[in-house]
Amino acid sequence: MTPHNHAKPGDYAETVLLPGDPLRAKWVAETFLDDARLVNSVRNCLGYTGTWKGKPVSVQATGMGQPSLSIYVHELINSYEVQNLIRIGTCGGLNAGVKVRDLIIAQGATTDSAIVRDAFPGFNYSPIADFGLLRSSVEKAEAAGLRYHVGNMFSSDVFYHAEPGLEGYGTLPQHGILGVEMEAAALYTLAARFGRKALAVCTMTDCLITRDELSAEDRQSSLKEMVTLALDVAVDS
Ligand code: HPA
């Protein structure tokens, strides 16, 4: 048990899906997993373990942002021996070629976060996905006929920037950044630090360039596609 997690040792599977939203963790557990049981509810940051295609998988909410994710991920790794961590999230679009409901599979994650910067004084560290999980997710997205993009995600500490419009993103869109979310870089950094595997897969829900947004119905069906993909990657990992 930890200050943020009352699960017992062995309550989590080796592979954990990580949505930000606690209610999305509940929805994943109730909609997709067999024999799902609640393993954590401290602060309502819900965690469940069940099975998918007969194999154990967990889903644990991380809350929003890198400070919150870092707490849950640190503890999943160090107190619960979790080996594979797969973020399932939504992101904003920063590239006109990425359409709403497309998946962004984050090969790397650029960040403005002090959590990553301050861990490497004098260096610009590159947080990257585990190649095996990345390859598996690409193969499965391809087989399922999903629209997906593999590349560099921006993991921001800021949702509401002081600067108007796209100014808060500087020249990132001109340097191959596909989308913006708020967790992947810290996830990749922690996985690297502790020798675990991590991947972030995000559905693009709102394009900051075209202002397109995913409708409520499309949101639900595209999230289902993403979760199915992540679960298939999880049980193969
Ligand atoms: N910014 C940061 N995180 C996000 C966004 C965004 O526009 N959309 C979904 N997650």
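First things first, this report covers the structure right here in the doc. (Residues numbered from 1 in each chain as written. Predicted model: local features only at pLDDT ≥ 70, side-chain atom pairs only at ≥ 80, totals over all residues. Heavy atoms only, no water.)

1. Describing the environment of M153
Topologically, M153 is positioned in strand β7 (residues 148–155). When the C-alpha positions of M153 and T110 are compared, they lie 6.1 Å apart, and in sequence the two are 43 residues distant. (Helix = DSSP H or I, 4+ residues; strand = E, 2+ residues; numbered from the N terminus.)

2. Looking at the packing of aromatic side chains
A complete count under the given rule lists 6 aromatic pairs for this structure. Plain terms: the ring middles of F32 and W52 are 6.2 Å apart, the flat faces sit at 65° to each other, and that makes the pair edge-to-face. Here W52 lies in strand β3 (residues 47–52) and F32 lies in helix α1 (residues 22–32), a separation of 20 residues in the sequence. By relative accessible area, F32 is classed as buried at 12%. Since its relative accessible area comes to 13%, W52 is described here as buried. Ring plane angle 75° and centroid distance 4.8 Å describe the contact between F159 and Y160, whose orientation is recorded as edge-to-face. Classification of F159 by relative accessible area gives exposed; the value is 57%. Clustering of aromatic rings is evident, with ring pairs tying together W27, F32 and W52. (Phe/Tyr/Trp six-rings, centres within 6.5 Å; stacked < 30°, edge-to-face > 60°. Buried < 20%, exposed > 50% of the residue type's maximum accessible area, 1.4 Å probe, protein only.)

3. With respect to the packing of helix α4 (residues 131–143) against helix α6 (residues 216–236)
Where α4 meets α6, the axes come as close as 9 Å, and the angle between the chain directions of the two elements is 130°. Comparing the axis directions of α4 and α6 gives the class oblique. By crossing handedness, the relation of α4 to α6 is classed as right-handed. Here L133, S136, S137, K140 and A141 of α4 lie close against α6, whose contacting residues are L229, D232, V233 and D236. A per-class count over the contact of α4 with α6 returns 4 nonpolar, 2 polar and 3 charged. (Axes fitted to C-alpha atoms, helices over the stretch in contact; angles between N-to-C directions. Parallel < 35°, antiparallel > 145°, perpendicular 65-115°, else oblique. Left-handed = near helix turned anticlockwise from the far one by under 90°. Contact = heavy atoms within 4.5 Å. Nonpolar A, V, L, I, M, F, W, Y, C, P; charged D, E, K, R; others polar.)

4. As for the pattern of salt bridges
Between side chains of opposite charge, pairing is possible as soon as their charged atoms come close. Evaluation of the coordinates by the stated rule reveals 11 salt bridges. Among the ionic pairs, R37 bridges to D11, the shortest N-O distance being 3.2 Å. Placement of the pair is R37 in strand β2 (residues 34–40) and D11 in the segment before β1 (15–18), with a sequence separation of 26 residues. Relative accessible area serves as the criterion here: at 39%, R37 is assigned to the partly exposed category. R101 is the partner of D218 in a salt bridge, and the nearest nitrogen-oxygen pair spans 3.7 Å. On the criterion of sequence distance, the pair formed by D218 in helix α6 and R101 in the loop between β5 (84–93) and β6 (103–111) is long-range, its members being 117 residues apart. Note on R101: relative accessible area 26%, which makes it partly exposed. When salt bridges that share partners are traced, they join K8, D11 and R37 into one network. (Salt bridge = Lys/Arg side-chain N within 4 Å of Asp/Glu carboxyl O.)

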